[in-house]
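What the coordinates show
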Amino acid sequence: MYEGAIQDLIDELGRLPGVGPKSAQRIAFHVLSADPADVNRLAGALRKVKELVRFCTSCYNVAESDTCRICRDPRRTDEVICVVEEPKDVVAIERTGEFRGRYHVLGGAINPLEGIGPDNLRIRELMTRLGGGAVRELILATDPNTEGEATATYLALMVKPMGIAVTRLASGLPVGGDLEYADEITLGRAFEGRRAV
């Protein structure tokens with residue numbers, strides 16, 4: 001549609017997840033009309049993240065050194081590991097302020113349709129961590145979808161023979177939700193995960 005640099009920018013923005021052609025065009029024209037100092041800050045931030053950010057050598061969360069801040073925190077317990085799919089899941093759990101253990105980021109979930117099997121995830125590294133003997137509980141916090149459930153089931157089968165307690169995050173009704181709008185699967189999980197009051 002456009003020529004040269006602006007079309008190149010639209011094309012590159014359109015390759016980002018969740019950015020369609022219209023959004024890419026809006027962002028490109030925003031960048032075009034933005035103050036040059038703002039654009040330079042954005043470009044610098046993009047370069048900086050590619051240069052400095054890597055994966056923690058212990059849990060595979062994002063980090064700017066060999067280990068992430070969570071793995072360096074001596075106040076955290078080594079007896080509980082929470083397994084998540086992506087680094088963004090660590091942030092979501094950390095926002096709750098409820099978990100004081102360690103994490104393990106798999107880098108995705110088992111998805112045979114996409115060609116992602118257990119060998120494509122950081123499961124081998126998790127098993128090595130669990131072999132140390134310090135871990136008493138493994139919390140499976142994969143997404144509550146088909147791929148997340150398959151991954152959780154696979155991990156549970158692998159870990160249970162090691163004598164480590166394996167738990168799964170409860171799922172069910174959201175706070176403020178109405179029963180009449182809940183789907184059958186969500187409502188069924190809410191019944192399975194009920195607790196005494």
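For every chain, the first residue of its written sequence is number 1, and the numbers climb from 1 along that sequence. Thresholds applied to this predicted model are a pLDDT of at least 70 for local features of residues and 80 or more for the giving and counting of side-chain atom pairs; totals over whole chains, interfaces and linings are not thresholded and use all residues. Heavy atoms from the whole structure form the basis of all side-chain values; hydrogens and water molecules are not counted.

**Overview of the overall build of the chain**
- Across its full length, the chain holds 8 helices and 6 strands.
- By the compact-globule yardstick of 16 Å for 197 residues, the chain is too spread out, its C-alpha radius of gyration being 21 Å.
- Taking the principal axes of its C-alpha atoms as reference, the chain extends roughly 60 × 50 × 35 Å.
- Accessible area is worked out with a 1.4 Å probe on protein chains only. A residue is then buried under 20% of its type maximum, exposed over 50%, and partly exposed in between. Of all 197 residues assigned to the chain, the portion counted as buried reaches 30%.
- In this description, accessible areas are obtained by the Shrake-Rupley approach with a 1.4 Å probe, and a residue is regarded as covered only by the protein chains that are shown. Summed over its atoms, the accessible surface of the chain is roughly 13300 Å², and 56% of this surface lies on carbon and sulfur atoms.
- None of His or the chain ends enter the tally, which takes Lys and Arg as positive and Asp and Glu as negative. A charged residue contributes its charge at one atom only: NZ of Lys, CZ of Arg, CG of Asp or CD of Glu. Averaging the positions of the 25 positive and the 29 negative side-chain charges in the chain gives two centres separated by 6 Å. The helix count covers DSSP runs of H or I at least four residues long, the strand count covers runs of E at least two residues long, and both are numbered beginning at the N terminus. The size measure is the radius of gyration over C-alpha atoms, and the globule rule it meets is 2.2 Å times the number of residues to the 0.38 power.

**Details of the side chain of E94**
- Along the chain, E94 falls in helix α5 (residues 87-96).
- Of note is the side chain of E94, whose polar atom sits 2.5 Å from the side chain of Y103.
- In this analysis, two residues are considered to be in contact whenever any of their non-hydrogen atoms come within 4.5 Å of each other. Ignoring any residue separated from it by four or fewer positions in sequence, one finds E94 in contact with R69, I70, R76, F99 and Y103. Within 3.5 Å is the distance limit for a polar contact, defined as a pair of N or O atoms, with the added protein rule that one can donate a hydrogen and the other accept it, and that residues adjacent in sequence qualify only through two side-chain atoms.

**Comments concerning the domain arrangement of the chain**
- The assigned domain composition of the chain is domain 1 (5-52) and domain 2 (74-166).
- Note that domain bounds follow an automatic or database assignment of domains. Relative to domain 2, the C-alpha centre of domain 1 lies at a distance of 34 Å.

**Concerning the pairing of strand β4 (residues 102-105)**
- Burial along β4 is two-sided: the residues R102 and H104 and Y103 and V105 are all buried.
- As judged from the 4 bridges shared by strand β3 (residues 80-84) and β4, these two strands associate in the parallel manner. Counterpart to V84 in the pairing with β4 is V105.
- Here, the term right-handed applies to a crossover whose path from the first strand over the helix to the second runs clockwise when the strands point away from the viewer. At this point the chain moves from β3, through α5, to the parallel β4, and the crossover so formed is right-handed. Note on pairing: DSSP must find at least two bridges between two strands before they are called paired.

**Overview of the pattern of salt bridges**
- For this document, the term salt bridge refers to a Lys or Arg side-chain nitrogen within 4 Å of an Asp or Glu carboxyl oxygen. A complete count under the given rule lists 9 salt bridges for this structure.
- Measuring nitrogen to oxygen at the nearest pair gives 2.7 Å for the salt bridge that ties D78 to R102. Note that D78 is positioned in the loop between α4 (69-72) and β3 and R102 in strand β4, a separation of 24 residues in sequence.
- What makes D78 partly exposed here is its relative accessible area of 43%.
- A salt bridge links E149 to R168; its shortest N-O distance comes to 3.0 Å. You can see E149 sitting in helix α7 (residues 146-159) and its partner R168 sitting in strand β6 (residues 165-168), a full 19 residues away along the chain.
- One salt-bridge network, held together by shared partners, links D73, R75 and R100.

**Re the pairing of β3**
- Burial within β3 is extensive, with 5 of its 5 residues counted as buried.
- Because side chains alternate across β3, one face comprises the buried residues V80, C82 and V84, and the other comprises I81 and V83, equally buried.
- Relative to strand β5 (residues 137-140), β3 runs parallel, the two being bridged by 4 bridges. When the bridges of β5 are listed, V80 appears paired with E137.

**Looking at the confidence of the model for the chain**
- In the predicted model, the chain carries a mean pLDDT of 92, and 98% of its residues have values of at least 70.
- Values of pLDDT, the confidence the predictor places in each residue, fall between 0 and 100. Across the chain, the secondary-structure element scoring lowest on mean pLDDT is helix α8 (residues 184-192), at 78, and the one scoring highest is β4, at 98.

**Looking at unusual backbone geometry**
- Even without a glycine there, the phi angle at Y60 is positive, about 75°.
- Considering the arrangement of structural elements, one finds Y60 in the loop between β1 (54-55) and β2 (62-63).
- Y60 gets classed as buried once you look at its relative accessible area, which sits at 17%.

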